[in-house]
Amino acid sequence: MAEYIEDELKRFNYLTNEIDAAYHEAALKLGLSDSAMLILYTICNNGEECLLSDITKLSGISKQTLNSALRKLEGEEIVYLEKFSGKKKRICLTEKGRLLVKETVYQLIKIENDIFDSWTKEERRSYIALTERYLSSFKNKIKEL
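A quick note: this is a predicted structure, and the numbers were derived from the prediction, not measured.

1. Brief notes about the nonpolar core
Link 1 in the chain: In this structure, Ile-39, Leu-40, Ile-43, Val-79 and Val-105 are the most contacted members of the largest nonpolar core, which totals 27 residues.
Link 2 in the chain: Of all the secondary structure elements, the ones that give two or more residues to this core are α1 (3-29), α2 (34-45), α3 (52-59), α4 (63-75), β3 (88-93), α5 (95-103) and α6 (105-118).
Link 3 in the chain: Per element, the largest residue contribution to this core is seven residues, and it comes from α2.
Link 4 in the chain: Not counting residues up to four positions away in its chain, the partners in contact with Leu-40 are Leu-32, Ile-78, Val-79, Leu-93, Leu-100, Val-101 and Val-105.

2. Things to note about the packing of aromatic side chains
Link 1 in the chain: Throughout the structure, instances matching the rule amount to five aromatic pairs.
Link 2 in the chain: Geometrically, the ring pair formed by Phe-116 and Trp-119 is stacked, given 5.0 Å between the ring centres and 25° between the ring planes.
Link 3 in the chain: Overall, Trp-119 belongs to the partly exposed group, its relative accessible area being 28%.
Link 4 in the chain: Measuring from centroid to centroid gives 6.3 Å for Phe-116 and Tyr-127, while their planes differ by 85°, and the two rings are edge-to-face. Taken together, the residues span a long stretch of sequence, with Phe-116 in helix α6 and Tyr-127 in helix α7 (residues 121-143) at a distance of 11 residues.
Link 5 in the chain: Taken together through their ring pairs, the aromatic side chains of Phe-12, Tyr-134 and Phe-138 make up a single cluster.

3. What to know about the sheet that holds strand β1 (residues 49-51)
Link 1 in the chain: Spatial strand order, β1-β3-β2: three strands in an open sheet with antiparallel pairing. Of all strands in the sheet, those bounded by a partner on one side alone are β1 and β2 (79-85). Neighbour-to-neighbour, the strand axes of the sheet open up by a mean angle of 25°, direction not taken into account.
Link 2 in the chain: Where β1 and β3 come together, three bridges link them in antiparallel fashion.

4. Notes on the packing of α5 against α6
Link 1 in the chain: Interaxial distance between α5 and α6 falls to 3 Å at its minimum, and their mutual angle equals 35°. The residues of α6 that touch α5, namely those facing Leu-100, Val-101, Lys-102 and Glu-103, are Val-105, Tyr-106 and Gln-107.

5. A look at the side chain of Thr-94
Link 1 in the chain: By the secondary structure assignment, Thr-94 is in the loop between β3 and α5.
Link 2 in the chain: With a relative accessible area of 16%, Thr-94 lands in the buried category.
Link 3 in the chain: From its side chain, Thr-94 meets the backbone nitrogen of Lys-96 in a polar contact 3.3 Å long.
Link 4 in the chain: Setting aside residues no more than four positions away along its own chain, Thr-94 makes contact with Glu-77, Ile-78, Val-79 and Tyr-80.

Thresholds, definitions, all that
- Residues numbered from 1 in each chain as written.
- Predicted model: local features only at pLDDT ≥ 70, side-chain atom pairs only at ≥ 80, totals over all residues.
- Heavy atoms only, no water.
- Core = buried A, V, L, I, M, F, W, Y, C linked by side-chain atoms within 4.5 Å.
- Buried < 20%, exposed > 50% of the residue type's maximum accessible area, 1.4 Å probe, protein only.
- Helix = DSSP H or I, 4+ residues; strand = E, 2+ residues; numbered from the N terminus.
- Contact = heavy atoms within 4.5 Å.
- Phe/Tyr/Trp six-rings, centres within 6.5 Å; stacked < 30°, edge-to-face > 60°.
- Pairing = 2+ DSSP bridges.
- Axes fitted to C-alpha atoms, helices over the stretch in contact; angles between N-to-C directions.
- Polar contact = N/O pair within 3.5 Å; in protein donor to acceptor, adjacent residues only side chain to side chain.

Function cannot be inferred from these measures alone, as they are strictly geometric.
Written out as C-alpha cells, the structure is:
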C-alpha cells in the first residue's frame, strides 16, 4: 500500500473514532447511555415510534444490548413496547419519553442539522455519496472474508 494511502486511511480511521467519541460525549452530557441515545435517536428519526427490528437494523446495537437498554427505558417509563403485526413489536415513546427526547435527542439533531445547513448542497451530496460508496464497498469486502 502506498504510504500516502496508508496516511489517509489512518486519518480516516482517526476521524471515524473521533466522531464516535463526540457522539458518546454528547450522550453523556445529555445524561443518556450510548445505547439509550441510539434507541431514542432512531425512534425520533421515525416519528414517535419504531419497529423493534428497525432499531436493530438502523442503530447497529446488538440484540442483547438493545434488550437490556429497552428494559431500562421501560422501567424508567420512557418507552413502551406493543405488539404490531404477528411477532413484530413496536417501541413507542411515553409522554415522559417525548419530554426527554425534546431535552436530549432533539438537541443533537439540531446540531447535526446546523452543520449540514452550513454546507452547500453539493458538499452534502458528495459527503453522503462517498459515505454510501465506502459503506457498500466495505460491506461487500466483509462478505468476502
